[in-house]
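What follows is each chain in one-letter form.
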Amino acid sequence: MSDKSREEIWSEWRDLVNMAPKEIEDWLATDESKSVGDTGDADSTGRKSGKRIIEIKRTNKDDLTDDDWDHMAKVVGYIKRHGAQVPDAPEGSDWAYSMKNWGHDPFKEGGKA
């Protein structure tokens, strides 16, 4: 469990997870999405996280479970850590693809690339 309050997690989640559920679904269906991650296949940790993010984003805040909140904190931490490690050529990079698997499009308005 995160040491942050749920309000802090919620605020950061809303800022950092900048892709809509449909955008994430469409992205996860691409070869680019499947090309990155710790397993190098369609079952990477990031892709599993992306599927979970879709479920969470489609859930009312009051209906979120403790596991949902824990995953939201994990996602926020991932995006913050990896968002600080922008490569020299971010467009089309594994870094950008991985960020999108985790629900953050760094090239959207307010992104970090």
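Residues numbered from 1 in each chain as written. Predicted model: local features only at pLDDT ≥ 70, side-chain atom pairs only at ≥ 80, totals over all residues. Heavy atoms only, no water.

Caption draft 1: Inspection of the overall build of the protein at higher detail. Per the secondary structure count, the protein includes six helices and zero strands. Each of the three principal axes of the protein carries a C-alpha extent, and together these read 35 × 25 × 25 Å. Of all 113 residues assigned to the protein, the portion counted as buried reaches 42%. Long-range contacts, defined as pairs at least 24 residues apart, comprise 59% of the intrachain contacts of the protein with a sequence gap of at least 6. Carbon together with sulfur atoms contributes 45% to the accessible area of the protein, which is approximately 6400 Å² in total. (Helix = DSSP H or I, 4+ residues; strand = E, 2+ residues; numbered from the N terminus. Buried < 20%, exposed > 50% of the residue type's maximum accessible area, 1.4 Å probe, protein only. Contact = heavy atoms within 4.5 Å. Areas by Shrake-Rupley, 256 points an atom, 1.4 Å probe, with all protein chains shown as cover.)

Caption draft 2: The arrangement of the packing of aromatic side chains in detail. The full count for this structure, using the stated rule, is three aromatic pairs. Between Trp-27 and Tyr-97 the ring centres are 5.5 Å apart and the planes differ by 50°, which places this aromatic pair in the tilted class. With Trp-27 in helix α2 (residues 21–28) and Tyr-97 in helix α6 (residues 94–101), this residue pair connects regions lying 70 residues apart in the sequence. Take Trp-27: its relative accessible area is 9%, and that puts it in the buried class. (Phe/Tyr/Trp six-rings, centres within 6.5 Å; stacked < 30°, edge-to-face > 60°.)

Caption draft 3: Quick peek at the packing of helix α4 (residues 45–57) against helix α5 (residues 66–83). Interaxial distance between α4 and α5 falls to 11 Å at its minimum, and their mutual angle equals 125°. Taken as axis vectors, α4 and α5 run oblique relative to one another. Where α4 crosses over α5, the two elements pack in a sense that is left-handed. Across the interface between the two elements, Ser-49, Arg-52, Ile-53 and Ile-56 of α4 pack against Asp-67, Asp-68, His-71, Met-72 and Val-75 of α5. (Axes fitted to C-alpha atoms, helices over the stretch in contact; angles between N-to-C directions. Parallel < 35°, antiparallel > 145°, perpendicular 65-115°, else oblique. Left-handed = near helix turned anticlockwise from the far one by under 90°.)

Caption draft 4: Up close: α5. In this model, α5 (18 residues) spans 25 Å end to end at C-alpha, consistent with the 26 Å of a helix rising 1.5 Å per residue. Residues Asp-68, Trp-69, His-71, Met-72, Ala-73, Val-75, Val-76, Tyr-78, Ile-79 and Gly-83 constitute the buried set of α5. Residues of α5 that are buried make contact with α1 (6–16), α4 and α6. (Expected span 1.5 Å × (residues − 1).)

Caption draft 5: Broad picture of the nonpolar core. Ranked by internal contacts, the top residues of the largest apolar core, which has 26 residues, are Trp-13, Met-72, Val-75 and Ile-79. Broken down by secondary-structure element, the contributors of at least two residues to this core are α1, α2, α4, α5 and α6. Among the elements that make up this core, the one with the highest residue count is α5 (seven residues). Not counting residues up to four positions away in its chain, the partners in contact with Ile-79 are Leu-16, Val-17, Met-99, Trp-102 and His-104. (Core = buried A, V, L, I, M, F, W, Y, C linked by side-chain atoms within 4.5 Å.)

Caption draft 6: Spotlight on the packing of α2 against α4. It is the contact of α2 with α4, at a shortest axis distance of 9 Å, that shows an interaxial angle of 155°. On the basis of the axis angle, α2 is roughly antiparallel to α4. Here the hand of the crossing between α2 and α4 comes out left-handed. Between α2 and α4, the contacting residues are Pro-21, Ile-24, Glu-25 and Leu-28 on the first element and Arg-47, Gly-50, Lys-51, Ile-53, Ile-54 and Lys-57 on the second. For the contact of α2 with α4, the per-class residue count stands at five nonpolar, one polar and four charged. (Nonpolar A, V, L, I, M, F, W, Y, C, P; charged D, E, K, R; others polar.)

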